[in-house]
Amino acid sequence: MVTTGSVFVGRQREMALLQAALEESLSGQGRLVMLVGEPGIGKTRTAQELAAAAGQRGAHVLWGRCYEQAGAPPYWPWVQSLRSYVQQRDADQLRSEMGPGAADIAEIFLEVRDKLPGLVPPPALDSPEASRFRLFDSITTFLKNVAQSQPLVLVLDDLHWADQPSLLLLQFLARELGNARVLLLGAYRDVELSRHHPLSETLAQLSREPIFQRIPLRGLSREDTQPFIWATAGIRSPTARADAIHDRTEGNPFFMAEVVRLLSEQGGLTEEEAGGPLGIQVPEGVRDAIGQRLNRLTKQCNQMLTTASVIGREFDFKLLRTLREDQTEGQLLNAVDEALKAHLIDELPDATDRYQFSHALIQETLAGELSTTRKVRLHARIAQALEKLYGPQAEAHAAELTYHFAEAESVLGAEKLVKYSLLAGERALASYAWEEGSSHFQRGLAAKGIPWTGTEPAKDAETAALLFGLGRARGATLQRRQMQEAVNLLTRAFDYLEATGDMARAVAVAEYPLPPAPIGRTGVPTFITRALKLVPPDSLAEGRLLCRYGAELGRLENDYTGAQRAFNRALAVARREKDLALEVSTLVESADVDYSQLHLPEALANAGQAIELARGLSDPQAAWFAHLDAARALWIMGDGRAVQRHASAALELAEKLHDRYRLILALWINANLYRHWGDWRRARDFCDQGLTLAPRDNGILANGVMLEHEVGDFVAGEAYVERLLETIPPVVDRPGSQYAFPAQVIPWVARITGVLERLKVAEAAAQTVLSSRFANPQYVLASRAGLGLVAALRGDIAAAAEQYEGLKLRRGLMLFAISSDHVLGLLAHTVGNLDKAAEHFEDALAFCRRAGYLPELAWACHDYAAALLQSNRAGDIQKATALLEKAQSISGELGMRPLNERVLNLQGQLGLRHTERQPCPAGLTEREVEVLALVAKGKSNREIADDLALSQRTVQRHISNVYTKINARNRAEATTFFLTQLLPSL
């Protein structure tokens, strides 16, 4: 391999692998390939060779490069790579390729806003994770659309220096490229990576993707050395000389090229020139080789390059001119030309008077030769020059200015460093680069001598702004159990703003929505009450704070009464001031608290109002939340058809919002509904989509557990169980679904499989919920139901009686795995109260028929029949027989093999033998006979649908078939046929 011209020596094996990856991507199988090796090993040159081959095949090639020094804005390699594409395309094509995501993309690609003026900023989302997901999804969709018209090769060089947001975008994109004509080619130095390096975690995630491939690059072979020398210097060197070069450089192409150029300049490549085979003097290392080559340049060129090395990998002639006051413009141009001729720098394409070092090692060598004092003073001059050059646009370059002011702090002081750190942090937050924002705010606080992990309040407005920024950044990146750290930062900012009477900023801190955290008291409600004292009574500011306060009280502290008082006051303000946005927000928050506290009619009423008002507001976020709350409340209440309407609307809105968090919840409620209807195919499809987005989501995993066990696929079901158990976290103050789902699902699985070994895990999860005063009633109920199932499985009369008392006031509800009436029936049966068991089972049957929850109906029929078989009362055997027939009909139709086998066992105990039934008159099916019997009883289509757990459309179809088969024209004639022809034979 060579680094000069277009000649390419060596790397045959690596290029074959890259060509294969290119072919796959051209055929529509996305690929992600990483070139790996030490500095100078030829990663960039190999990528260039592939890029040339891709261009010849009609692919569009985009380049992005990461830089070692801080100062580049977030997502810089992506911005670099896509900037040229955006500039080259016309507005109509860009608008088509970006679609509705154009406004999101413009948040970090400013050129998009220039090309597509008038873009409406995307609506702010209430979750940092959701905001970044929407951005990443928009960029991914854009790239996939680009690749539809022309294959795309995207090269990201020097990834070992990438910022974390760029790496996260890479991870996201890699998961979405399976069927796109895209080749992602990355390059990084493996010697730069420690176990804790950000890229190490990214590579661990990427290695799990089927499109990922790693190609290590090592030194060139001894046989490649002579061709390499010829291609680089045009000289045929003797074998001994070539071998000596290879031995010293270990085949590192960049080192070899520097040595060859140096020896060529010295006249030491041929035996005659060197005075014999042993006369060669090869530098000890690559930096030594670079240093010797630099020594051969003029003093002015060296001075120019040294200054440029402190500016960065890329540099601007205008800035150089400002910094090199001792050189005329002509002298500086001569120095630049000299460096270009020596292959030490390159002109940047599509940019006038901008250059970059041809290799990072050259910049590193030059900068490394400077003393600390000289380097600091150069950074100071660069910082001041850049600030002057940028002028009013300095804020847009805040990250770059922060870097140079930080390096020059000992000379220039901290004032400008703090100023630009704050600006850079805010710009990072605006582009959802939370990690970069954290670094900037922490740097600003350090410059002011303020420990960001402390507890003391801010000492001035600037510190308060830094603490507020850091609190928002940390709140977006911390694990939820660490959210108290973010609350502490916000509190420190709030304390200062409250003390100084800065009402507007104090209220902004109090209103800031942190992600929900599984902890009890965060302290947020405390400083909201303090903020309320700063705002005028009955003002909109008070209304917004009251809305937030109600949500915090209801969700975090289980203070339902206090939450409702706050919501009612907020609603009064909103309606008096005719502020529709505040009214909708308050109704949505109130509905969510109602749902979590199991005030379901109230949740439904508030959600319904919010949906109606949100139509006039055009607020898809509020509408989504209202639809979700309505769907969840209706599901528990057992109105399956209404659930479907709201669940479908929630899914459609989540897709429009490009919101990962909302998509997961919408997929969960849809999976839940279709699983309860026994539509396994659609339920599984929703589960699969959900797990693609969130492989560890406990709600989606719990659905997968139930679904696969219901149909008898115990292998797949067990895999889901294992994954679900992995999501149970250490004990927290406010346990929720992460405990409640396993508490209920594990004993339900034990009923199906007969394996009781994990019941202790379920008990522990349930007790974690019940022992916390912050667990909301929804999760308490689910956990009690789990303990009830455990008691029934063990036949534990005392435990069954205890859980019965805890559940008896919660009748007529659908829990995740089982209806509350069904659990009560099992518990009453366990304690020996068969009359109460029958009452609860009858309620369970009526509830499931009305809701259309067929699998749960079949299980309730089976368990009711099992209870009746223990009684010797007249009619119980006949009742049990009918229930088992119903259970068998449903389980057979839905493919519920485990339940079907249990039903057959109970029927065997009854002495039933399934023989061929005599055909019904007129060729009617058994279901048509059932429908006809209910018609004869005078029931309406809706009543028949409820009794048989069918849709009205299906009932109408059955009635139409019956009319055709018995030659009836109306219900009267059908009734006559039933009474005269069918009833006597039944």
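Residues numbered from 1 in each chain as written. Predicted model: local features only at pLDDT ≥ 70, side-chain atom pairs only at ≥ 80, totals over all residues. Heavy atoms only, no water.

**Let's talk about the overall build of the chain**
Using the following cut-off: Helical segments are the DSSP runs of H or I of at least four residues, strand segments are the runs of E of at least two, and each set is numbered from the N terminus. Relative accessibility thresholds used throughout: buried, under 20% of the residue-type maximum; exposed, over 50%; partly exposed, between the two (1.4 Å probe, protein chains only). Contacts: residue pairs with any heavy atoms within 4.5 Å of one another. Every accessible area reported is derived by Shrake-Rupley at a probe size of 1.4 Å, with residue values counting cover from the shown protein chains alone. The positive count covers Lys and Arg only, the negative count covers Asp and Glu only, and His and the chain ends enter neither. A single reference atom marks each charge: NZ on Lys, CZ on Arg, CG on Asp, CD on Glu.
Helix and strand counts for the chain come out as 50 helices and 8 strands. The dimensions of the chain, computed from C-alpha atoms along their principal axes, are 120 × 70 × 55 Å. The buried share among the 986 residues of the chain stands at 57%. The long-range fraction of contacts in the chain, counting pairs at least 24 apart against all pairs at least 6 apart in sequence, stands at 68%. Carbon and sulfur atoms make up 49% of the accessible area of the chain, which amounts to about 40700 Å² in all. Positive and negative side-chain charges of the chain, numbering 107 and 120 respectively, have mean locations separated by a distance of 2 Å.

**Some points on the pattern of salt bridges**
What counts is decided by this rule: Note on definitions: salt bridges are taken to be side-chain nitrogens of Lys or Arg within 4 Å of carboxyl oxygens of Asp or Glu.
Scanning the model with the defined rule gives 53 salt bridges in all. Where Glu-652 meets Lys-656, a salt bridge forms, and the shortest distance between an N and an O atom there is 3.6 Å. Of this pair, Glu-652 and Lys-656 both sit in helix α33 (residues 640-657), 4 residues apart, which is roughly one turn of the helix. Owing to a relative accessible area of 46%, Glu-652 belongs among the partly exposed residues under this scheme. Among the ionic pairs, Glu-708 bridges to Arg-684, the shortest N-O distance being 3.0 Å. Here Glu-708, found in helix α36 (residues 698-710), pairs with Arg-684, found in helix α35 (residues 680-693); they are 24 residues apart in sequence, far enough to count as distant. Since its relative accessible area comes to 6%, Glu-708 is described here as buried. Look at Arg-684 and you get partly exposed, because its relative accessible area is 28%. Because the salt bridges share partners, they merge into one network encompassing Arg-555, Glu-589, Asp-592, Asp-629 and Arg-632.

**Here's the deal with the packing of α33 against helix α34 (residues 660-677)**
Put simply, the rule reads: Where helices are involved, their axes are fitted lines through C-alpha atoms of the stretch in contact, as for all axes, and angles between N-to-C directions lie from 0 to 180°. Any angle between 65 and 115 degrees counts as roughly perpendicular, while under 35 counts as roughly parallel, over 145 as roughly antiparallel, and the rest as oblique. By convention, the crossing between two helices is left-handed when the near helix turns anticlockwise from the far helix through less than a right angle, and right-handed when the turn is clockwise.
The geometry of α33 relative to α34 is characterised by a closest axis approach of 8 Å and an angle of 155° between their N-to-C directions. Here α33 is positioned roughly antiparallel relative to α34, judged by the angle of their axes. Where α33 crosses over α34, the handedness of that crossing is left-handed. Of the residues in α34, those touching α33 at Gly-640, Arg-641, Val-643, Gln-644, Ala-647, Ser-648, Ala-650, Leu-651, Ala-654, Glu-655 and Leu-657 are Arg-662, Leu-663, Ala-666, Leu-667, Ile-669, Asn-670, Leu-673, Tyr-674 and Trp-677.

**With respect to the sheet that holds strand β8 (residues 354-357)**
Worth spelling out the cut-off: DSSP-based pairing: two strands are paired if at least 2 bridges between them are found.
Strand order in the open sheet formed by 3 strands is β6-β8-β7, and the pairing between neighbours is antiparallel. Since the sheet does not close on itself, it has two edges, and those belong to β6 (314-316) and β7 (345-347), each with one partner. Neighbouring strand axes in the sheet, compared pairwise and without regard to direction, differ in orientation by 30° on average. Two elements, β6 and β8, share 3 bridges in a ladder whose sense is antiparallel. Bridge pairing in β8 links Asp-316 to Arg-354.

**Details of the sheet that holds strand β1 (residues 31-37)**
The strand order across the open sheet formed by 5 strands is β2-β3-β4-β1-β5, and the pairing between neighbours is parallel. Looking at strand neighbours, the two that pair on one side only are β2 (60-65) and β5 (212-216), the edges of this open sheet. Each strand of the sheet is rotated relative to its neighbour by a mean of 15°, with strand direction disregarded. By the bridge criterion, 7 bridges tie β1 to strand β4 (residues 182-189) in an arrangement that is parallel. Directly across from Met-34, in β4, lies its bridge partner Gly-186. Helix α2 (residues 43-56) contacts β1, β2, β3 (152-157) and β4 of the sheet and is inclined by roughly 160° relative to β2. With respect to the sheet, helix α8 (residues 164-175) is in contact with β1, β3 and β4, its orientation differing from that of β1 by roughly 135°.

**Overview of the nonpolar core**
Generally speaking, nonpolar side chains in soluble globular proteins are found buried as a group. Applicable threshold: Definition of nonpolar core: a set of buried residues of the types Ala, Val, Leu, Ile, Met, Phe, Trp, Tyr and Cys, connected through side-chain atoms within 4.5 Å.
Ranked by size, the top nonpolar core spans 280 residues in total, and within it Met-34, Tyr-75, Trp-78, Leu-159, Leu-305 and Trp-624 carry the most contacts. With 12 residues, helix α32 (residues 620-637) is the single largest residue contributor to this core. Among residues more than four places away in sequence, those in contact with Tyr-75 are Ile-108, Arg-132, Leu-135, Phe-136, Asp-163, Pro-165, Ser-166, Leu-169, Ser-431, Tyr-432 and Ala-433. Core analysis: the second largest hydrophobic core is formed by 19 residues, Leu-18, Leu-26, Ala-59 and Leu-217 among them.

**What to know about the side chain of His-404**
With respect to the secondary-structure elements, His-404 resides in helix α20 (residues 398-407). In this structure His-404 comes out as buried when scored by relative accessible area, which is 1%. Setting aside chain neighbours within four positions, we find His-404 in contact with Val-310, Ile-311, His-379, Ile-382, Ala-383 and Leu-386.

**With respect to the pairing of β8**
Of the pairings in the sheet, the one linking β7 to β8 comprises 3 bridges and is antiparallel in character. Within β8, the residue paired with Ile-345 across the bridge is Phe-357.

**Here we look at the environment of Gln-150**
The cut-off we apply is this: N or O atoms closer than or at 3.5 Å make up a polar contact, with two conditions inside protein: a donor-capable atom paired with an acceptor-capable one, and, for residues adjacent in sequence, both atoms drawn from side chains.
Mapping Gln-150 onto the fold places it in the loop between α7 (128-149) and β3. Sequence separation of Gln-150 and Ala-59 is 91 residues, and the distance between their C-alpha atoms is 6.0 Å. If we ignore the near neighbours within four places in the chain, the residues touching Gln-150 are Gly-58, Ala-59, His-60, Arg-89 and Arg-181. Side-chain polar atoms of Gln-150 contact the backbone oxygen of Gly-58, separated by 3.1 Å.

**Considerations on the side chain of Asp-863**
With respect to the helices, strands and loops of the structure, Asp-863 is situated in helix α44 (residues 854-868). Overall, the relative accessible area of 4% leaves Asp-863 in the buried class. Side-chain polar atoms of Asp-863 contact the side chain of Arg-751, separated by 2.8 Å.

**As for the confidence of the model for the chain**
The test is simple: A score from 0 to 100, pLDDT tells how confident the predictor is in each residue.
Mean pLDDT over the chain: 88, with 94% of residues reaching 70 or higher. In this model, residues 1-7 is a region of pLDDT below 50 whose contacts with residues beyond four sequence positions or in other chains number 29 contacts. Low confidence marks residues 912-917, where pLDDT is under 50. Its contacts with residues over four positions away, or in another chain, come to 8 contacts.

**Here's the deal with the packing of aromatic side chains**
Applicable threshold: Ring pairs shown here join Phe, Tyr and Trp side chains whose ring centres sit within 6.5 Å, with only the six-membered ring taken for Trp; geometry is labelled stacked below 30 degrees between planes, edge-to-face above 60, and tilted in between. Whether a charge sits over a ring comes down to the Lys NZ or Arg CZ being within 6 Å of the ring centre and within 35 degrees of the ring normal.
A full pass over the atoms with the stated rule returns 20 aromatic pairs. Centroid distance Tyr-432 to Trp-434: 6.2 Å. Interplanar angle 50°. Geometry classified as tilted. For the pair shown, Tyr-432 and Trp-434 are each scored as buried. One aromatic cluster in this structure is built from Tyr-75, Phe-133, Phe-136 and Phe-172. Note that Arg-472 overlies the ring of Phe-468, its terminal NZ or CZ placed 4.2 Å from the centroid. Just above the ring of Trp-677 sits the side chain of Arg-641; from NZ or CZ to the centre is 4.4 Å.

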